[in-house]
Amino acid sequence: MDCLKKSSLFSLPFFLLYFSIILSFSNGVNASHKVFSGLQSTSTVDVKNVHRTGYHFQPPKNWINDPNAPMYFNGVYHLFYQYNPHGSVWGNIVWAHSVSTDLINWIPLEPGIYPSKVFDKYGTWSGSATILPNNKPIILYTGIVDAKNTQVQNYAIPANLSDPFLRKWIKPDNNPLIVADVSINKTQFRDPTTGWLGRDGYWRTLIGSVWGQEGLAILYKSRDFMKWTKVQHPLHSVEGTGNWECPDFFPVLLHGTNGLDASYTGKNIKHVLKVSLDVTRFEYYTVGIYDTKRDRYIPDKNSIDGWKGLRLDYGNYYASKSFYDPRKNRRIMWGWANESDTVNDDIKKGWAGIQTIPRKLWLDPSGKQLVQWPVEELETLREQKIQLSNRKLNKGDKIEVKGITPAQADVEVTFSFSSLDKAEPFDPKWANLYAQDVCAIKGSTVQGGLGPFGLLTLASKNLEEYTPVFFRVFSVQDKYKVLMCSDASRSTLENGKTMYKPSFAGYVDVDLTSKTLSLRSLIDHSVVESFGAGGKTCITSRVYPTLAIYDNAHLFVFNNGTETIKIESLNAWTMGKPKMNWSFGHSSY
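If you look the protein chain up in an unreviewed UniProt entry, it shows as Beta-fructofuranosidase from Solanum stoloniferum. Turning to the protein chain, the UniProt record has this under Subunit (unreviewed entry): "May be present in two forms, a 70 kDa monomer and a heterodimer of the 30 kDa and 38 kDa subunits. The ratio of the levels of the two forms within cells appears to be regulated developmentally."

Next comes the structure, spelled out in structure tokens:
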């Protein structure tokens with residue numbers, strides 16, 4: 001990944017659109033490779049625990065970003081991630097390395113990859129893992145070779161395959177494997193994907209890039225994974241989207257929830273291409289067909305490419321990476337959630353960034369989109385439980401959920417309603433707005449017909465602070481449009497600084513015949529990860545309450561619509577802390 005660079009190729013109309021998009025969708029965070037001279041090696045003196053998560057993955061201190069090369073190998077899950085061992089802003093990046101047998105409890109190890117060779121002297125950036133024949137793992141990663149930000153693709157292999165944790169990795173001297181030719185922007189040429197093996201016996205990988213403002217997934221082929229040749233055309237490209245980072249390409253079954261290895265070539269599948277857009281700082285994907293004869297990816301007609309397309313997550317979620325888990329026959333996606341406060345705040349608190357809960361993903365039966373759900377292992381952390389059922393919520397009602405720890409909880413709720421008649425008309429003026437713009441207009445306090453209803457998370461007792469996660473149902477001619485919001489605008493009373501408090505939102509493609517909507521929210525001090533309609537729409541928010549912290553946080557269920565809502569069922573748990581023996585590893589290099 002790299003920081004945003006403005007192109008001199010902009011026309012005025014495109015620039016105005018581009019500038020508008022940045023203001024609305026920069027995700028409130030600095031680009032992940034923005035260098036803060038004099039700050040990147042500022043040692044953390046005192047880590048502040050307020051707002052640190054309890055069950056999300058984060059090291060004891062300092063900056064983290066992209067999850068790299070997650071994989072399952074010989075009974076062990078491996079997570080590498082970008083880490084600054086010397087400070088809480090981006091810089092000095094190494095590949096930190098942790099291992100687990102259950103994706104929840106982790107053991108940290110020494111860094112797996114760090115700048116040490118001429119081909120990565122100035123940086124070891126994101127990449128992916130591939131399991132080669134004879135069960136041999138290999139990592140492809142981006143190396144920075146000079147101060148001009150020239151990017152190449154390198155590889156690393158385990159020093160000792162008999163070590164169950166694969167602690168040490170070596171970078172052979174025949175690196176780099178892939179160097180940009182004259183047709184490629186060598187300063188925006190990074191993040192190789194997991195390799196896949198075609199029926200023709202050639203391995204393939206994608207590298208994200210841009211030419212002008214055309215986002216590219218550049219395709220390379222190799223017979224032996226060592227000598228790579230650029231295919232004449234990209235696997236896929238889209239004009240006007242800007243730089244593509246962290247591409248991911250994998251097959252999905254048309255039916256069922258099982259995952260597939262990247263090299264699977266059987267029948268009854270589609271493919272998914274995911275890219276992280278440097279301009280908007282969001283993750284987008286399409287569902288389509290991989291034409292193996294022409295080495296082209298063709299999105300389905302109803303799968304929109306670009307800024308108005310589907311997102312993996314409509315909130316603070318970026319640089320994700322998936323892998324196939326043969327242990328449970330599933331595909332798992334990891335994502336990074338940056339902070340929404342300022343660089344100075346990160347320095348003061350001594351840490352920045354978390355990894356979201358790993359998610360199982362599969363293709364929805366409609367074939368139009370992915371479904372995502374927290375991995376089942378997360379449920380082992382559930383402790384105290386509270387249940388509610390058959391509770392009515394009239395207009396203006398709210399019910400407090402007591403008996404758990406609301407600052408560190410897992411909440412699943414199913415709402416029902418007797419009629420769709422009170423769904424308010426969808427204003428035609430909103431047709432060209434993004435969902436989060438509509439959420440900002442129609443927030444949780446704006447009375448509606450069918451909705452808003454949902455949860456008030458990380459709420460103070462008297463609601464001076466709260467982060468609502470809610471639904472609102474609109475009527476559009478003879479159809480219905482479901483808006484899901486996670487609104488941080490009232491999440492904190494903190495003053496005197498620039499705080500990003502967006503009204504994140506996405507639409508939920510759901511059949512309302514049953515007149516029910518479900519919601520799951522993972523609440524963890526400064527993060528609320530929410531999954532609507534069984535995981536069809538996902539939103540991650542980062543928030544920093546001042547009152548609603550620790551035991552002073554509250555959780556409510558509410559309805560501000562005129563249609564009565566029923567809580568069919570609500571199950572909520574206090575979440576325990578996973579075992580993370582950080583003293584086992586070290587972060588020096």
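More follows now that the structure is in view.
**What to know about the overall build of the protein chain**
Counting its regular elements, the protein chain contains three helices and 39 strands. Its C-alpha atoms give the protein chain a radius of gyration of 23 Å, near enough to 25 Å, the size a compact globule of 589 residues would have. Its C-alpha atoms give the protein chain principal-axis dimensions of roughly 70 × 55 × 50 Å. Relative to its 589 residues, the protein chain shows a buried fraction of 61%. Taking as baseline every contact in the protein chain between residues at least 6 positions apart, the subset at least 24 positions apart corresponds to 66%. Entry remark: accessible area of the protein chain is about 22600 Å², with carbon and sulfur atoms responsible for 51%. Of the charged side chains in the protein chain, 65 are positive and 55 negative, and the gap between their average positions amounts to 2 Å.

**What to know about the pairing of strand S7 (residues 151-158)**
Within S7, seven of the eight residues are buried, which leaves the element mostly enclosed by the surrounding structure. Two strands pair when backbone bridges link them, and strand S6 (residues 136-144) and S7 are joined in this way by six bridges, in the antiparallel orientation. Bridge assignment links Gly143 to a residue of S7, and that residue is Val152. Linking two consecutive strands that pair antiparallel, namely S6 and S7, is a turn of six residues; a positive phi of about 70° is found at Asn149 within it. Pairing of S7 with strand S9 (residues 178-179) involves two bridges; the strand directions are antiparallel. Considered in S9, the bridge of Gln153 is made with Ile178. Sheet analysis places S7 next to strand S8 (residues 169-170), joined by two bridges and oriented antiparallel. Residue pairing across strands places Ile157 opposite Ile170, the latter belonging to S8.

**Digging into the side chain of Ser503**
One can find Ser503 in strand S34 (residues 503-508). Within the structure, Ser503 has its side chain in polar contact with the side chain of Asp487 (distance 3.0 Å). Not counting chain neighbours up to four residues away, the residues in contact with Ser503 comprise Gln436, Cys439, Ala440, Ser486 and Asp487.

**As for the environment of Ser116**
Looking at where Ser116 falls in the secondary structure, it is placed in the loop between strand S4 (107-113) and strand S5 (123-132). Linking Ser116 and Tyr318, residues 202 residues apart in sequence, is a C-alpha distance of 27 Å. Within the structure, the side chain of Ser116 is placed 2.7 Å from the side chain of Lys171, a separation counted as a polar contact.

**With respect to the state of the cysteines**
With the rule as written, the count across this model stands at one disulfide. Sulfur-sulfur distance for the disulfide between Cys439 and Cys485 comes to 2.5 Å. Highlighted residues: Cys439 in helix H3 (residues 435-441) and Cys485 in strand S33 (residues 479-487), separated in sequence by 46 residues. Note on Cys439: relative accessible area 0%, which makes it buried.

**Here's the deal with the packing of aromatic side chains**
As enumerated under the stated definition, the model contains 29 aromatic pairs in all. Centre to centre, the rings of Trp196 and Tyr290 are 6.0 Å apart; their planes meet at 85°, and the pair counts as edge-to-face. Taken together, the residues span a long stretch of sequence, with Trp196 in strand S11 (residues 196-197) and Tyr290 in strand S18 (residues 282-291) at a distance of 94 residues. On the basis of relative accessible area, Trp196 is assigned to the buried category, the value being 4%. Both rings, one in Tyr500 and one in Phe504, keep their centres 6.2 Å apart while their planes meet at 75°; by these two values the pair is edge-to-face. Here the two residues Tyr500 and Phe504 agree in accessibility, since each one is buried. Put simply, the rings of Phe57, Tyr81, Tyr83, Trp106 and Trp334 touch in pairs and so form one group of aromatic residues. Looking at Lys308, its charged tip hangs above the ring of Tyr434, at a distance of 5.5 Å from the centre.

**Focus on unusual backbone geometry**
Omega for the bond connecting Asn175 with Pro176 falls within 30 degrees of zero, at -5°, which places this linkage in the cis form. With respect to the element layout, Pro176 can be found in the loop between S8 and S9. A positive phi angle, near 40°, is found at Leu458, a position not held by glycine.

**A short note on the UniProt feature "domain: Glycosyl hydrolase family 32 N-terminal" (unreviewed entry) in the protein chain**
When the UniProt feature table is mapped to this numbering, "domain: Glycosyl hydrolase family 32 N-terminal" (unreviewed entry) covers residues 56-374. When the span residues 56-374 is considered, its composition is 2% helix and 50% strand, and the gap between its end C-alpha atoms is 12 Å.

**A closer look at the sheet that holds strand S27 (residues 382-393)**
Hydrogen bonds along the backbone pair up the strands of a sheet, which may run parallel or antiparallel. As summarised here, the arrangement of the six strands in space is S27-S39-S29-S35-S36-S37, forming an open sheet in which the pairing is antiparallel. Of all strands in the sheet, those bounded by a partner on one side alone are S27 and strand S37 (537-542). Within the sheet, the average angular offset between the axes of one strand and its neighbour, ignoring direction, is 15°. Here strand S29 (residues 408-417) runs beside strand S35 (residues 516-524); their pairing, made up of nine bridges, is antiparallel. Within the sheet, the bridge partner assigned to Val411 lies in S35 and is Ser521.

About the cut-offs
Within any chain, residue numbers begin from 1 and follow the written order of that chain's sequence. In view of the model being predicted, local features appear only for residues whose pLDDT reaches at least 70, and side-chain atom pairs are presented and counted only at 80 or more, with totals across whole chains, interfaces and linings using the full set of residues. To get the side-chain values, take all heavy atoms of the structure and skip hydrogens and water. UniProt positions are given in the numbering used here, feature names are shortened, and annotations may be inferred rather than shown by experiment. Only runs of H or I of at least four residues qualify as helices and only runs of E of at least two qualify as strands under DSSP, and these elements are numbered from the N terminus. The globule rule used here is 2.2 Å times the number of residues to the 0.38 power, and the radius of gyration it is set against is calculated over C-alpha atoms. Exposure is judged per residue with a 1.4 Å probe applied to protein chains only, and the accessible area is read against the type maximum: over 50% gives exposed, under 20% gives buried, and values in between give partly exposed. When checking whether two residues touch, look at their non-hydrogen atoms; a contact exists if any pair is within 4.5 Å. What sets the accessible areas is the Shrake-Rupley method with a 1.4 Å probe; for residues, cover comes only from the shown protein chains. We treat Lys and Arg as the positive residues and Asp and Glu as the negative residues; His and chain ends play no part in the count. Where a charge lies is defined by one atom per residue type: Lys uses NZ, Arg uses CZ, Asp uses CG and Glu uses CD. At least two DSSP bridges between two strands are required for those strands to pair. Side-chain atoms alone can form a polar contact between residues adjacent in sequence; in general such a contact is a pair of N or O atoms within 3.5 Å, and within protein one must be able to donate a hydrogen while the other accepts it. Disulfides are defined in this document as cysteine sulfur pairs within 2.5 Å. In this analysis, rings of Phe, Tyr and Trp, with Trp reduced to its six-membered ring, are considered paired at centre separations within 6.5 Å, and the interplanar angle assigns stacked below 30 degrees, edge-to-face beyond 60, and tilted for intermediate values. Distance and angle both matter: a charge sits over a ring if NZ of Lys or CZ of Arg is within 6 Å of the ring centre and within 35 degrees of the ring normal. Every axis corresponds to a line fitted to the C-alpha atoms, with the helix fit spanning only the stretch in contact, and the corresponding angles, defined between N-to-C directions, vary from 0 to 180 degrees.

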